Amino acid sequence: AGILEGPVTHYHPNGQVAQTGLYVGGLPEGVHAGFDEAGGKVFEQEYKDGVPSGRRTEFYAGGEKRFAGEMLDGEVLGVQRMFSDLGEEMAQGVYDGLAAPEWRWRGADPRCARAGRRGLAAAACAGPLPRRATRPRSGRTRRSRRSSRP
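Keep in mind the model is a prediction, meaning the values are calculated, not measured.

**Examining the overall build of the chain**
Across its full length, the chain holds one helix and nine strands. Seen in sequence order, the chain has helices and strands lined up from the N terminus as β-β-β-β-β-β-β-β-β-α. Within the chain, the proportion of its 150 residues that are buried is 28%. Partitioning the intrachain contacts of the chain with sequence separation of at least 6 by distance along the chain shows that 14% fall at a separation of at least 24. Carbon together with sulfur atoms contributes 52% to the accessible area of the chain, which is approximately 9,800 Å² in total.

**Side note on the environment of G25**
By the element assignment, G25 lies in the loop between β2 (17-24) and β3 (27-35). Linking G25 and D49, residues 24 residues apart in sequence, is a C-alpha distance of 9.1 Å. Here G25 is in contact with I3, L4 and E5, once residues within four sequence places are set aside.

**Concerning the nonpolar core**
The biggest cluster of nonpolar side chains holds eight residues, and these are F67, M71, V76, M82, A91, Y95, W103 and W105. Only β6 (65-72), β7 (75-83) and β8 (89-95) provide two or more residues apiece to this core. Setting aside anything within four residues of it in sequence, one finds A91 in contact with Q80, R81, M82, W103, R104 and W105.

**So, the side chain of Q45**
Relative to the assigned elements, Q45 resides in strand β4 (residues 41-48). Since its relative accessible area comes to 2%, Q45 is described here as buried. Polar contacts involving the side chain of Q45 include one to the side chain of R56, which spans 3.4 Å. Beyond its immediate stretch of four places on either side in the chain, Q45 contacts G30, V31, H32, P52, S53, G54, R55, R56 and M71.

**Quick notes on the sheet that holds strand β9 (residues 104-105)**
Strand order in the open sheet formed by nine strands is β1-β2-β3-β4-β5-β6-β7-β8-β9, with antiparallel pairing between adjacent strands. The open sheet has two edge strands, β1 (6-11) and β9, and neither has a second partner.

**Quick notes on the side chain of Q80**
Tracing the backbone through its elements, the reader meets Q80 in strand β7. Residue class for Q80 comes out buried when judged on its relative accessible area of 0%. For Q80, the side chain forms a polar contact with the main-chain oxygen of L77, separated by 3.1 Å.

Thresholds, definitions, all that
Residues numbered from 1 in each chain as written. Predicted model: local features only at pLDDT ≥ 70, side-chain atom pairs only at ≥ 80, totals over all residues. Heavy atoms only, no water. Helix = DSSP H or I, 4+ residues; strand = E, 2+ residues; numbered from the N terminus. Buried < 20%, exposed > 50% of the residue type's maximum accessible area, 1.4 Å probe, protein only. Contact = heavy atoms within 4.5 Å. Areas by Shrake-Rupley, 256 points an atom, 1.4 Å probe, with all protein chains shown as cover. Core = buried A, V, L, I, M, F, W, Y, C linked by side-chain atoms within 4.5 Å. Polar contact = N/O pair within 3.5 Å; in protein donor to acceptor, adjacent residues only side chain to side chain. Pairing = 2+ DSSP bridges.

Okay, here's the thing in structure tokens:
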């Protein structure tokens, strides 16, 4: 087996390419791409010295961009963008390395489809939301949750 070196391609059990990328001294370097079992691109991630650093892009099954953002030394940092399956930017959040961002939605917030179940006020779902509400009705501040998304 040994240490991975140079261009490396991993395969799914069905023979389709699962991931491609360059390894230097056993560590990922440069742009790596992941693919689903049908051959569609799922993600692209830049690495430096084995750590995600640089642009990360995720894709829908149809090939449209789903998510785009930056990482630095393995941490999500800077402007992160979410896209609809039609390629339109839906939301933007800025990570400063300290807390999860306030997402700014373009158009209706997709959480509004679950408004009754999630307790969002109907009035808040009537139109575009410049930012997610951060205070519940009681006036107490909600704790910010760290996103598990890269």
